[in-house]
Amino acid sequence: PRHQGGAVMTERSARTFGRGPTPAVSDMLQVVFGLELAAPSRRIWIVAPWQSDIPVLDNRSGEFSAVGPGWPLRSIRLSEVLAASLDRGSTATVVMNDDPSNLPMRSATETLEARYPDRCRMIIAEQVHEKGIVTDHAYLSGSMNWTFNGQKVNLEKVGLATDPATIAVQQVELSGLYPWDGVA
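Residues numbered from 1 in each chain as written. Predicted model: local features only at pLDDT ≥ 70, side-chain atom pairs only at ≥ 80, totals over all residues. Heavy atoms only, no water.

### Regarding the overall build of the protein chain
Alright, step 1. The helix and strand inventory of the protein chain stands at five helices and eleven strands.
Alright, step 2. Long-range contacts, defined here as pairs at least 24 residues apart, represent 69% of the contacts in the protein chain between residues at least 6 apart.
Alright, step 3. On the protein chain, roughly 8,900 Å² of surface is accessible, and the fraction owed to carbon and sulfur atoms is 55%. (Helix = DSSP H or I, 4+ residues; strand = E, 2+ residues; numbered from the N terminus. Contact = heavy atoms within 4.5 Å. Areas by Shrake-Rupley, 256 points an atom, 1.4 Å probe, with all protein chains shown as cover.)

Shown next, in the form of structure tokens:
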């Protein structure tokens with residue numbers, strides 16, 4: 001965290017510029033999912049109208065081998081990190097619309113639902129327009145869908161908050177929007 005006037009800054013924002021990957025956004029994704037693997041959340045929400053199985057960790061040099069033993073030396077995709085979190089006991093809710101472009105991520109999520117029926121679920125919500133990833137450690141939000149175009153083509157703004165109060169508000173709101181019997 002950065003300090004400003006004695007207060008701890010727990011937010012960071014970055015923009016994509018439509019000219020390929022933006023290191024700051026890639027770094028934010030790595031922070032969120034690296035923390036997730038090191039200290040799994042009780043509950044994870046991945047919400048966006050359009051989602052792809054995007055790369056979220058750069059393991060080409062083996063930086064994440066300690067938290068992902070056996071992972072190949074390549075980019076690790078969202079569904080792989082989600083599976084690792086579920087393996088560690090997390091519960092996940094993935095919310096997207098029914099657009100055909102979501103089929104690969106839908107398929108990956110359906111596989112995880114079958115493997116973890118009590119801890120993973122997908123919700124198809126045609127009205128969803130919000131974009132966010134919420135864990136116990138971070139809240140990533142902004143205009144970016146979790147897609148290749150969001151990461152590398154479109155002009156987007158993404159914010160990362162690590163303040164526990166901000167995260168708690170999002171957890172309560174998402175629990176109300178997407179309730180799941182038996183899961184707080």
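Moving on, there is more to tell.
### Some words on the environment of V95
Alright, step 1. Along the chain, V95 turns up in strand β7 (residues 91-96).
Alright, step 2. Considered as a pair, V95 and W50 are 45 residues apart in the sequence and their alpha carbons are 9.2 Å apart.
Alright, step 3. Residues within four places of V95 in sequence aside, it is in contact with I46, V47, A48, Q51, I123, A125, V128 and Y178.

### Comments concerning helix α1 (residues 23-38)
In an α-helix, one turn spans 3.6 residues, which is why side chains three or four residues apart end up on the same side.
Alright, step 1. Between the first and last C-alpha of α1 there are 22 Å, a value that for 16 residues agrees with the 22 Å anticipated at 1.5 Å per step.
Alright, step 2. Along α1, the residues that are buried comprise V25, M28, L29, V32, F33, G34, E36 and L37. (Expected span 1.5 Å × (residues − 1). Buried < 20%, exposed > 50% of the residue type's maximum accessible area, 1.4 Å probe, protein only.)

### With respect to the pairing of strand β4 (residues 43-47)
Alright, step 1. Within β4, five of the five residues are buried, leaving the element largely enclosed by the surrounding structure.
Alright, step 2. Residues of β4 alternate between two faces, with R43, W45 and V47 on one and I44 and I46 on the opposite face, all of them buried.
Alright, step 3. Two strands pair when backbone bridges link them, and β4 and β7 are joined in this way by five bridges, in the parallel orientation. Note that in β7 the partner of I44 across the bridge is A92. (Pairing = 2+ DSSP bridges.)

### Considerations on the nonpolar core
Alright, step 1. Core analysis: the biggest nonpolar cluster contains 37 residues, and F33, L57, L140 and W146 have the highest contact counts within it.
Alright, step 2. What L57 contacts, discounting residues up to four positions off in sequence, is Q30, F33, G34, L37, F64, W71, R74, S75, I76 and V81.
Alright, step 3. Counting twelve residues, the second largest nonpolar core, distinct from the first, contains V128, I167, L174 and Y178. (Core = buried A, V, L, I, M, F, W, Y, C linked by side-chain atoms within 4.5 Å.)

### Side note on the side chain of D53
Alright, step 1. Counting through the fold element by element, D53 comes out in the loop between β4 and β5 (55-58).
Alright, step 2. Nearest to the buried, unbridged D53 among oppositely charged side chains is R77, at 5.2 Å.
Alright, step 3. Side-chain polar atoms of D53 contact the backbone nitrogen of L78, separated by 3.3 Å.
Alright, step 4. One polar contact links D53 to S79, side chain to side chain, over a distance of 2.6 Å.
Alright, step 5. Here D53 is in contact with R77, L78, S79, M105 and A108, once residues within four sequence places are set aside. (Lys, Arg positive; Asp, Glu negative; His and termini not counted. Salt bridge = Lys/Arg side-chain N within 4 Å of Asp/Glu carboxyl O. Polar contact = N/O pair within 3.5 Å; in protein donor to acceptor, adjacent residues only side chain to side chain.)

### Focus on the confidence of the model for the protein chain
Alright, step 1. Here the protein chain shows a mean pLDDT of 86. Residues at 70 or above account for 84%.
Alright, step 2. Long-range and interchain partners of residues 1-9, a stretch whose pLDDT sits below 50, account for ten contacts in this model, where long-range means more than four residues apart. (pLDDT = per-residue confidence, 0-100.)

### Observations regarding helix α3 (residues 103-115)
Alright, step 1. Relative to the 18 Å expected for 13 residues at 1.5 Å per residue, α3 spans 18 Å between its end C-alpha atoms, a close match to the ideal helical length.
Alright, step 2. Burial in α3 covers these residues: M105, R106, A108, T109 and L112. Buried positions in α3, seen along its axis, are confined to an arc of 165° and lie on one side of it. Exposed residues pointing more than 90 degrees away from the buried face of α3 are listed as P104, T111 and A114.
Alright, step 3. Buried residues belonging to α3 abut α2 (78-87), β7 and β8 (120-124). (Arc of directions from axis to C-beta.)

### A few points about the side chain of K131
Alright, step 1. Summarising the element assignment, K131 is placed in the loop between β8 and β9 (132-134).
Alright, step 2. In this structure K131 comes out as buried when scored by relative accessible area, which is 11%.
Alright, step 3. Only 3.1 Å separates the side chain of K131 from the backbone oxygen of H129, close enough to count as a polar contact.

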